[in-house]
Amino acid sequence: MKKIMIFMVLTTALFAKVNVDTTYSTLGAIVKKIGADKVKVTVLGSSKYDPHFIVPKPSLLAKLRRADLLVINGGGLELGWLPPLIRNANNAKIQNGAKGFLDISHFIPMIDIPASVSRAFGDVHSQGNPHYSTDPHLVLTIAKAIEEKLVELDFDNVEYYEQNLADFTKEWNKFLTKYDAKMAQCSGKKVVQYHELFNYFLKEYHIKSYGNIEPLPGISPSSKHTIKLMYMMKKKHIKTILQDVYHEKKTAEFIADKTGAQVVVIPHDMGAIGGQTLQEFYNNIAKQLCQ
Amino acid sequence: MKKTVCLSVLVFSSLFADSDIEILKKQMEQQSKTMHSLEKKVAFLEQKEKQNVNTSASFSQNAYLPDIALILNMSALNRDVKNSEYEQAAIPGFIDKGEMHLPFNKDTGFNLNYAEVAMHSVVDPYFEAFANFHLHPDEFEIGEAYVQTTSLPYSLKIKAGKFKSSFGRINKKHQHSWHFDSQPIIYKSLFGPDSISDPGIQVQWIAPTDTYLMFGAEAMQGTNDRSFGDTDTNNLYMGYIKSSIDIGDDLSILGGVSFAHGKNTTKNTTNIYGIDLTLREQLGSYSAIIWQSEFLQRDKDLGAKSDKQAGFYSELVYQYNNNYSMGFRYDRISKNDTDLSSYGSIDVDNLDRYTTMMEYKPFPMSRLRLSYTYDRTKVIADERKNVNEVMLSLNIAAGAHGAHDY
């Protein structure tokens, strides 16, 4: 009897997976690439919703309660929904500052960092633009940060994680070579966006964004601002409007109608428009933007 | 022939080699010059950096300042009852004439309800601290001030200090985060405007299940003399279970049962039972339908007799987008077994209230709300008086104010 008990304890310890919760699906997919069979990944925020405004449903508390590692996007993107969940999940492991808390934005060279911050300028992120996961060139930076954290938490499997990272690096670099070649033909394209969701991607591929449909971050479109934007688009011959899946599409369609531009819906996170792999996610962006 | 060619090639190549070396040498010189000037620049910048060090910051603790927010709540109101009469209103069986405490939206005209200073800070790796200082026009009140643990094992959390109890659904929420400005009648009747809020201690445990299942227990001073109030010792004990399930991505259901056991001013027992249910259907990122209801029953032993009273509210809120929402609430006292003889021939049955509201939020930090209330719970100047009220309220949360709980 005792032997069976010991055996059971040992086997559960041996086969215990690291429970990893991520706030968004792209992060979750990268964790799966590195952790593979040794992790169980739970994504908290559905990619069909605005990442700033995920509803802090109590069911998420049950998911956070058992997490060994919480991977967040950071840069203030989760500020409006995650802190009360962390507070009420009663899990010491994933508190800010604990070993099981990983803020990926700390590894990213953030852009658009405002020189001064005031809510008079709308919902400005003081730490810079947090929407970095649309840039495929940052995927390996994210993967490396996750690998280091998994090694720290689960040192018994250090070789496993290292190998997965090496494999994934190879796979991803191959993908990037092809991807960059595809995107090169769209270099210099002019666009406007709804919210500054795609700045990292646009910067990477030398696509210039001339303005936003929202007058200030987090503020709904106004007719005055829309008219100004349309005037500017006509003058600069901008023919592409980048729309995300979760904002209202009426304004973009109205502008398109009046200026002859085209509205393209770009996924902001994996799964926002079909596509269940990282490759599909980034290919989707390229396909929409660079057709 | 071959030889001469070979020789000349050799000579030429050595000549070329010579001039190559010359060029390289020149380049090296140039580079060392550049290096030198760069070094100079670096030294200069380093020096400058040193001068930029804030030498007065040796003991600076600015980075540890708590999050501080200012919450302001005010209203413009019109009611078809004179202010002096409304202060003397009674809710039969619960609040006697002259005992209505009205800290919020008391007057026809303009009301500044409160300026609240809310603070939050991580204390150390083990505790977080919260405080809300309520500044009413002529009163300073510590709304809440408590610490709570962050790193207990076994999914446990302990809270201690003065805080709003997690009994029921709306009890622990602050007025500015309610869907309606006025407190549900049953809460106001049983506990007064502050609901259950006292010095005490709370323990919460989340069960290790895939479904959210939380058990909580609290011990409190029980100073609230509408239902408790025997303060010779601490007298109030509470327990509750809350659970939540999701149906698909968009529908979440949260339910709870709560129980409070205390001693009232007659030193006899008061028991309060509560059930609550909240359904939230997400229609998009900024759009949702929320249906929230609570039922509370109080058994209050007064020695010679025993009161049995109950009531509920049910509210439906439709959030159209991130700017607009609207809602409707129905409140009712459903049971009122108590001594109502002092009201004589005044009709004291069917105590209920209808509230509708429309809300405009230009930004998540500010909110304008227009509401209309038809209140049939009041006895004013010795007669049952149905009160009509129209109110425009403004609430702002400025500064570092954290996200609210679900």
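Conventions adopted
Residues numbered from 1 in each chain as written. Chains lettered and ligands numbered in written order. Predicted model: local features only at pLDDT ≥ 70, side-chain atom pairs only at ≥ 80, totals over all residues. Heavy atoms only, no water. Helix = DSSP H or I, 4+ residues; strand = E, 2+ residues; numbered from the N terminus. Buried < 20%, exposed > 50% of the residue type's maximum accessible area, 1.4 Å probe, protein only. Contact = heavy atoms within 4.5 Å. Areas by Shrake-Rupley, 256 points an atom, 1.4 Å probe, with all protein chains shown as cover. Lys, Arg positive; Asp, Glu negative; His and termini not counted. Charge placed at Lys NZ, Arg CZ, Asp CG, Glu CD. Rg over C-alpha atoms; globule rule 2.2 N^0.38 Å. Pairing = 2+ DSSP bridges. Axes fitted to C-alpha atoms, helices over the stretch in contact; angles between N-to-C directions. Expected span 1.5 Å × (residues − 1). Phe/Tyr/Trp six-rings, centres within 6.5 Å; stacked < 30°, edge-to-face > 60°. Lys NZ or Arg CZ within 6 Å of the ring centre and 35° of its normal. Salt bridge = Lys/Arg side-chain N within 4 Å of Asp/Glu carboxyl O. Buried area = accessible area lost by both parts, 1.4 Å probe. Parallel < 35°, antiparallel > 145°, perpendicular 65-115°, else oblique. Left-handed = near helix turned anticlockwise from the far one by under 90°.

## As for the overall build of chain A
Piece 1. Summing up its helical and strand segments, chain A has ten helices and eight strands in all.
Piece 2. Based on the C-alpha atoms only, the size of chain A along its principal axes is roughly 80 × 40 × 35 Å.
Piece 3. Split into buried and exposed, the 291 residues of chain A put 54% on the buried side.
Piece 4. Look at the contacts in chain A between residues 6 or more apart in sequence, and 64% of them connect residues 24 or more apart.
Piece 5. In the form shown here, chain A has an accessible surface area of approximately 13400 Å², with 58% of it arising from carbon and sulfur atoms.
Piece 6. Charge-centre separation for chain A: the mean point of 36 positive side chains lies 5 Å from the mean point of 28 negative side chains.

## Brief notes about the overall build of chain B
Piece 1. Secondary structure assignment for chain B yields three helices and 18 strands.
Piece 2. Its C-alpha atoms give chain B a radius of gyration of 34 Å, more than 25% over the compact-globule value 22 Å for 406 residues.
Piece 3. In terms of overall dimensions, chain B has a C-alpha envelope of 140 × 50 × 45 Å along the principal axes.
Piece 4. Going through the 406 residues of chain B one by one, you find that 43% of them count as buried.
Piece 5. In chain B, the share of contacts with a sequence separation of at least 24, taken over all contacts with a separation of at least 6, comes to 57%.
Piece 6. Once the 41 positive and 51 negative side-chain charges of chain B are each reduced to a mean point, those two points are 6 Å apart.

## Points about the side chain of Ser189(B)
Piece 1. As for its position among the elements, Ser189(B) is in helix H3 (residues 185-191).
Piece 2. In contact with Ser189(B), other than residues within four places in its own chain, are Ile91(B), Phe94(B), Ile95(B), Arg226(B), Arg298(B) and Ile333(B).

## Examining the sheet that holds strand E3 (residues 69-72) of chain A
Residue and element names in this part refer to chain A.
Piece 1. Sheet architecture is open: four strands sit in the order E2-E1-E3-E4, paired in parallel fashion. Because the sheet does not close on itself, it has two edges, and the strands there are strand E2 (39-43) and strand E4 (101-103). Neighbour to neighbour, the strand axes of the sheet diverge by 20° on average, direction disregarded.
Piece 2. The strands touched by helix H5 (residues 139-153) are strand E1 (18-22), E2, E3 and E4; relative to E4, the strand with the most contacts, the crossing angle is about 165°.

## Here we look at the sheet that holds strand E7 (residues 240-243) of chain A
Sheets are built from strands that pair by backbone hydrogen bonding, the pairs being arranged parallel or antiparallel.
All names here are of chain A.
Piece 1. If you walk across this open sheet you meet the four strands as E6-E5-E7-E8, and the pairing is parallel. At either margin of the open sheet sits one strand with a lone partner, and together these are strand E6 (208-212) and strand E8 (262-265). Direction aside, neighbouring strands of the sheet carry axes that sit 35° apart on average.
Piece 2. As defined by bridge partners, strand E5 (residues 190-193) adjoins E7 across three bridges and the pair is classed as parallel. Each residue of the ladder has a partner; that of Val-191, found in E7, is Thr-240.
Piece 3. Against the sheet, helix H8 (residues 223-236) makes contact with E5, E6 and E7, and its axis sits at roughly 155° relative to E6, the strand it touches most.

## Side note on helix H6 (residues 158-184) of chain A
Piece 1. The terminal C-alpha atoms of H6(A) lie 38 Å apart, and with 27 residues this matches the ideal 39 Å at 1.5 Å per residue to within 8%.
Piece 2. Taken together, the buried residues of H6(A) touch E1, helix H2 (25-35), E2, H5, helix H7 (199-204) and helix H10 (278-289) of chain A.

## Re the packing of aromatic side chains
Residues and elements named next belong to chain B.
Piece 1. The full count for this structure, using the stated rule, is 25 aromatic pairs over all chains.
Piece 2. Between Tyr-318 and Tyr-320, the aromatic rings sit 6.2 Å apart at their centres with planes inclined by 70°, giving edge-to-face as the arrangement.
Piece 3. On the basis of relative accessibility, which here comes to 30%, the residue Tyr-318 falls in the partly exposed class.
Piece 4. With a centroid separation of 6.5 Å and an interplanar angle of 40°, the aromatic rings of Phe-328 and Tyr-354 are classed as tilted. Here Phe-328 is found in strand E13 (residues 324-337), whereas its partner Tyr-354 is found in strand E14 (residues 352-363), with 26 residues between them in sequence.
Piece 5. On the basis of relative accessible area, Tyr-354 is assigned to the partly exposed category, the value being 33%.
Piece 6. Taking NZ or CZ as reference, Arg-79 lies 3.6 Å from the ring centre of Tyr-86, over its face.
Piece 7. Looking at Lys-242, its charged tip hangs above the ring of Tyr-240, at a distance of 5.0 Å from the centre.

## Considerations on the environment of His179(B)
All names here are of chain B.
Piece 1. With respect to the helices, strands and loops of the structure, His-179 is situated in the loop between strand E5 (156-164) and H3.
Piece 2. Sequence separation between His-179 and Gly-222 is 43 residues; the distance between their C-alpha atoms is 27 Å.
Piece 3. His-179 has contacts with Ile-290, Gln-292, Glu-315, Val-317, Met-357, Glu-359 and Arg-369, leaving out every residue within four places of it along the chain.

## Describing the pattern of salt bridges
Piece 1. In the structure shown here, the tally under the stated rule is 24 salt bridges over all chains.
Piece 2. One salt bridge connects Lys57(A) with Asp246(B), and the closest N-O pair in it is separated by 3.3 Å. Placement of the pair is Lys57(A) in the loop between E2 and helix H3 (59-65) and Asp246(B) in strand E8 (residues 236-247), with the two residues belonging to separate chains.
Piece 3. Judged by its relative accessible area of 26%, Asp246(B) is partly exposed.
Piece 4. The partner of Glu389(B) in a salt bridge is Arg79(B), with the nearest N and O atoms 3.0 Å apart.

## Description of the interface of chain B and chain A
Piece 1. Taken together, the contact pairs 41 residues of chain B with 34 residues of chain A.
Piece 2. Summed over both sides, the interface of chain B with chain A buries roughly 3100 Å², with 51% coming from carbon and sulfur.
Piece 3. In terms of surface lost to chain A, no three residues of chain B exceed Ser285(B), Tyr286(B) and Phe363(B), which account for 20% of the buried area on that side.
Piece 4. In this structure, the connection of chain B to chain A is made through four salt bridges.
Piece 5. For the side of chain B that touches chain A, the elements supplying multiple residues, two or more each, are strand E3 (127-136), E5, strand E6 (197-206), E8, strand E9 (251-263), strand E10 (269-282) and E14 of chain B.
Piece 6. Ranked by residues supplied to the side of chain B that touches chain A, first place goes to E6(B) with three residues.

## Quick word on the packing of H8(A) against helix H9 (residues 250-259) of chain A
Residues and elements named next belong to chain A.
Piece 1. Where H8 meets H9, the closest approach of the two axes is 10 Å, and the angle between their N-to-C directions is 40°. Viewed along their axes, H8 and H9 adopt a mutual orientation that is oblique. The crossing of H8 and H9 is right-handed. Across the interface between the two elements, Thr-226, Leu-229, Met-230, Met-233 and Lys-234 of H8 pack against Thr-251, Phe-254, Ile-255, Lys-258 and Thr-259 of H9.

## Points about the pairing of E7(A)
Residues and elements named next belong to chain A.
Piece 1. The two faces of E7 match: Thr-240 and Leu-242 on one face and Ile-241 and Gln-243 on the other face are all buried.
Piece 2. Pairing of E7 with E8 involves four bridges; the strand directions are parallel. Among the inter-strand pairings, Leu-242 is bridged to a residue of E8, identified as Val-264.

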